[in-house]
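Residues per chain, in single letters:
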Amino acid sequence: MKLTELRVNQVTEPMGFQMSPLSFYWKVEEAGQAKRQRSARIEIMSEEGRIFDSGEDEKADSLDYRVNIKLCPRTRYTWRVTVTADNGERALAESWFETGKMEESWIGKWITPNLDASVQPVLLKRVTLKQLPERARLYICGLGVYECYINGKKAGKEYLAPGYHSYDFHLQTQTYDVTEYLKAGENILQIWLGDGWFRGRLGFDGGYTNLYGDRCYAVCELYVQEDKKWRMAAATDESWQCRPSPVVFSNIYDGEIYDARLEECLKRAEGWEKVRLEGPERCGALGDRYSLPVVKKEEFAPVECIHTPKDELVLDFGQNLTGWVEFDCHLPKGMGVRLTASEIMQDGCFYHENLRTAKTEFTYLSNGELSHARPHFTFYGFRYVKVEYLNEEGEILPNTGVQEAWRMAPKNFRAFHLRSDFDETGRIVTGSQKVNQLFSNAMWGQKDNFLDVPTDCPQRDERLGWTGDAQVFSETACYNMYMPAFYRKYLWDMRAEQSILGGSVPNVVPRLKKGMVAEHGSCPWADAGVVIPWNVYLHYGSKTLLEECYPGMKAWVDCEIKKEEALGGAHLIKDGFHFADWLALDNPQPGPFGATDPLYIASAYYYRCALSVSRAAEALDYTEDAGQYGKLAEEILEAIGEKYFDKDGLCVCRTQTGSALAIAFELIPERARKGAEAEALRKRVEENNGHLNTGFVGTTILCPALTMGGYPETATDLLLNEDFPGWLYCVNLGATTIWERWDSVLADGHISEEGMNSLNHYSYGSIAAWMYGDMCGIRPLEPGFRRACLAPHPDRRLGFAECELNTSAGKYKSSWKYNEDNTITYEIEIPFGAEAEFILGSESKTLTAGFYTFVQK
């Protein structure tokens, strides 16, 4: 038996993260004959000794062990957990966490360069140390985005810090262990600053600049430990210096221009300007970070170098990904290389127009030396990269005019995938390679769009945290990846934005604040305020995190109550703008809105949210709230039954989405004949030539509703459809991610003429949740998968399906396979400390931890 995945506040070995409230997590693996945890002992130690000891706690919950102790700022703590199993076997493991500044006052002062506001600067401080420090920490925040260098080496492995958050409510600081970069004697500390989301261009149709501030700023403190004593060695103040950096231009959408010739200036003692004491005026207070670091997660080499009919040189990296391209080059001084990113080729040539106004370029101007080039303050969504060589005047050289000695081989280029630092937890493989590719596409849609916020797309002039996209995909996201820390930060920002909107949830988080249509309160975008935290609780079982999110959940439902009660009548949503079944195909009128009544959809979500708040209150022992919101949910459900269902109990919104909502949200009144709505849904699919016509709302729940209604074969029919509209249509056209529209690319390979055509939009990848939960049959019966339902739905057309799901409770496995003798073999694994109800047809078995094989005739 061994203990693994020790985490504090859902993060492995966190340094400088928010530590209040404080919660511990661990997992038991390789338990042998042991089935359950009998007790656990948690100890916490500082350098002065043990500060907490739980003793043998038989109630210790490995999913969420909360400890109420006072922590000190800038302090390393070691913690140890000892688990005793039901058979007496024991296991021990140890980890650590380290606090940041916490509530400690800052000695460092905000500084800004005494340069033109448009300049992206380098800030410099020379720090002399009498001896090599034993340990060193840097506490820092830079706006818009920053990288810190000590003696020429980048501090830490993260990029685009401090990330994208609601700067007007809080400014996240980062803590770096910089021990390895310092030396005895003079040390050069540099902070490179770029525009980022803070003041760079943001938003579509040209966007806005200076949303949070119109200058770059930084604040930091450097502490060193010498002879076992800590002291502050440097802090930002008026003694710092500044000058323009080699990054002469950068923003999130358009890319970066890097002039390596300016690197020489950074080495000179002369030419530096003074900084001035000035900080951001429209921002919140400094605080320890919530955001996971953005890091390099995967590396790709080009799979093909394409010389197009237009004499373009294009590298194909084989995967639509988020990140950037790096390369080694040795070009004459002043000569440059420009890379332009795109998602698709057209007629064998480079194509960029679906990215709208986003230039997505990286230009590198050589200093004549052998160099490694990469962007610093931007990122791209791409599969293809056009390579252009520039002369000293910035003119593009024809490929025939590029000397062979200058030309870089494709092997010199590497694409790096960037995202927030979380890992995969789910895996599905079937007997269909096309379905496997679809699953990969859904996984990559999440990887590419979860860079600090869950964006709609990673490539065009948008890249915003749309709450509707995030909401419909949140169940799939929690199956695919380990998401609680990522969502904790996103939901913190959401609650902050709610605080000035009367509890209403913005359609984009962080709020864009300018130029948004119906800025907040639109169904089902705003319902993210309840749906996401509830899905996170179901998947990870952390009451500590649920309690943190509960005020925002309650605030959204209270906002809805206030608005609808002001209009009188039954508890229903009665007005307002709603995206509803966005981009559905069932509306005979042109435009992006579906045919299902948006007020029916909004009322259905109102019911779901009220019910979820009631259940959250019950889980948190908020008895009064549980009763209040439970009663509200009952009244909403009754009102929906009266207004939106006919005398026979069938939904009057006679669309696929209308029926799917009725089934999935359990809205069907008692007067309805059992199975009638599911039969109506199946017929609507059949009448649409066996295809879906749903949008953002309906697509997520369509296959689950069909399966709940007794038609898993119809759900699998939809999964396997290879023509438009269907999930495998884009697979057949070579997609490696999920598209925004079912026909973003036409059957002939040409991009659709519609204005919104992202080829990396994860929402329709929510089919993966059905693959986990119904095709392979793994769903939580209790939060955190302590108890699960295993009810797989095999289909001969797939041959087999194998699912591994590394849940908070441990690893579940569910696989099925059709045999030559027409039997079906099921192989099941239940993790330590968990149990599952295994359901085949009308039979059910309770399984405890272990491995099982069943054969169905």
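Just so it is clear, the structure is predicted and the values come from calculations on it, not from any experiment.

### Things to note about the environment of F198
At step 1: Within the element layout of this structure, F198 appears in helix α1 (residues 196-199).
At step 2: Taking the C-alpha atoms as reference points, F198 and H165, 33 residues apart in sequence, are found 8.9 Å from one another.

### Here we look at the sheet that holds strand β3 (residues 37-46)
At step 1: If you walk across this open sheet you meet the four strands as β4-β3-β6-β7, and the pairing is antiparallel. Each edge of the open sheet carries a strand with a single partner, namely β4 (49-53) and β7 (90-98). The average undirected angle you get between the axes of adjacent strands in this sheet is 25 degrees.
At step 2: Where strand β6 (residues 76-85) meets β7, nine bridges bridge the pair, whose relative direction is antiparallel. If you follow Y77 over to β7, its bridge partner there is F97.

### Details of the nonpolar core
At step 1: Core analysis: the largest hydrophobic core is formed by 243 residues, its most contacted members being W26, Y487 and Y600.
At step 2: In terms of residues, this core owes the most to one element, helix α8 (residues 598-619), which gives 13 residues.
At step 3: Discounting residues that sit within four places of it in the chain, Y600 has contacts with I640, Y644, F645, C651, C653, G658, L661, A662 and L667.
At step 4: Counting 29 residues, the second-largest nonpolar core is a separate cluster that includes L138, I140, Y176 and I191.

### Structural notes on the sheet that holds strand β2 (residues 22-29)
At step 1: Across the sheet, three strands lie side by side as β1-β2-β5; this open sheet has antiparallel pairing. At either end of the open sheet lies a strand with only one pairing partner, and these are β1 (2-8) and β5 (65-67). Within this sheet the neighbouring strands show an average axis-to-axis angle of 25 degrees, counted without direction.
At step 2: Bridge analysis of β2 against β5 gives three bridges, and the strand direction is antiparallel. Residue pairing for β5: S23 is matched across the bridge by R66.

### Points about the state of the cysteines
As used in these notes, a disulfide is a covalent bond between sulfur atoms, one from each of two cysteines.
At step 1: Tallied over the entire structure, the rule returns zero disulfides.
At step 2: Of all cysteine sulfurs, the one in C305 lies closest to C329, which takes part in no disulfide; the gap is 16 Å.
At step 3: Take C329: its relative accessible area is 2%, and that puts it in the buried class.
At step 4: For C549, which is in no disulfide, the shortest distance to another cysteine sulfur is to C478 and amounts to 11 Å.
At step 5: A relative accessible area of 4% means that C549 is categorised as buried.

### Things to note about the pattern of salt bridges
At step 1: Overall, the coordinates contain 69 salt bridges when judged by the stated rule.
At step 2: In this structure, K489 and D452 form a salt bridge, with 3.7 Å as the shortest nitrogen-oxygen distance. Taken together, the residues K489 in helix α5 (residues 484-498) and D452 in the loop between β34 (450-451) and β35 (453-454) connect sequence positions 37 residues apart. In terms of burial, K489 and D452 fall into one category: buried.

### Digging into the side chain of N441
At step 1: Note that N441 resides in helix α3 (residues 433-449).
At step 2: On the basis of relative accessibility, which here comes to 0%, the residue N441 falls in the buried class.
At step 3: The contacts of N441, once residues within four sequence positions are left out, are V731, A735, T736, T737 and I738.

### A look at the pairing of strand β33 (residues 426-430)
At step 1: Burial of the side chains of β33 is restricted to one face: G426, I428 and T430 are buried, whereas none of R427 and V429 on the reverse face is.
At step 2: One ladder, built from five bridges, connects β33 with strand β38 (residues 800-807); its direction is antiparallel. In the sheet register, T430 faces β38, and the bridge partner there is A801.

### Structural notes on the pairing of strand β37 (residues 787-790)
Each regular strand shows side chains that alternate between the opposite faces of the sheet.
At step 1: As paired elements, strand β36 (residues 778-780) and β37 share three bridges and run antiparallel to each other. Among the inter-strand pairings, R779 is bridged to a residue of β37, identified as C789.
At step 2: From the end of β36 to the start of β37, which pair antiparallel, there are six residues, and G784 there has a positive phi angle of about 85 degrees.
At step 3: Bridge count for β37 against strand β40 (residues 824-840) is four bridges, and the pairing is parallel. Bridged to R787 within β40 is E835.

### What to know about a nonpolar patch on the surface
At step 1: Taken together, the side chains of V248, F249 and I257 make up a nonpolar region of the molecular surface, amounting to roughly 210 Å² of accessible area.
At step 2: For I257, the position within the fold is in strand β19 (residues 255-259).
At step 3: With a relative accessible area of 30%, I257 lands in the partly exposed category.

### Describing unusual backbone geometry
At step 1: Residue P510 follows V509 across a cis peptide bond; omega there is -5 degrees.
At step 2: Within the element layout of this structure, P510 appears in the loop between α5 and α6 (528-540).
At step 3: With an omega dihedral of -10 degrees, the bond running from F724 to P725 counts as a cis peptide bond.
At step 4: Along the polypeptide, P725 turns up in the loop between α13 (712-720) and α14 (727-732).

### Some points on α6
At step 1: Here α6 spans 17 Å end to end across 13 residues, near enough to the 18 Å set by a 1.5 Å rise per residue.
At step 2: Within α6, twelve of the 13 residues are buried, which leaves the element mostly enclosed by the surrounding structure.
At step 3: Buried within α6 are the following residues: A528, G529, V530, V531, I532, P533, W534, N535, V536, Y537, H539 and Y540.
At step 4: Looking at the buried residues of α6, the elements they touch are α4 (467-480), α5, α7 (543-566) and α8.
At step 5: Note on α6: the residue one or two positions beyond its end, G541, has a positive phi of about 70 degrees.

Cut-offs and rules
Residues numbered from 1 in each chain as written. Predicted model: local features only at pLDDT ≥ 70, side-chain atom pairs only at ≥ 80, totals over all residues. Heavy atoms only, no water. Helix = DSSP H or I, 4+ residues; strand = E, 2+ residues; numbered from the N terminus. Pairing = 2+ DSSP bridges. Axes fitted to C-alpha atoms, helices over the stretch in contact; angles between N-to-C directions. Core = buried A, V, L, I, M, F, W, Y, C linked by side-chain atoms within 4.5 Å. Buried < 20%, exposed > 50% of the residue type's maximum accessible area, 1.4 Å probe, protein only. Contact = heavy atoms within 4.5 Å. Disulfide = S-S within 2.5 Å. Salt bridge = Lys/Arg side-chain N within 4 Å of Asp/Glu carboxyl O. Patch = residues over 30% accessible without salt bridge, like charges linked within 9 Å, V, L, I, M, F, W, Y side chains within 5 Å. Areas by Shrake-Rupley, 256 points an atom, 1.4 Å probe, with all protein chains shown as cover. Expected span 1.5 Å × (residues − 1).

That's the geometry; what it means functionally is another story.
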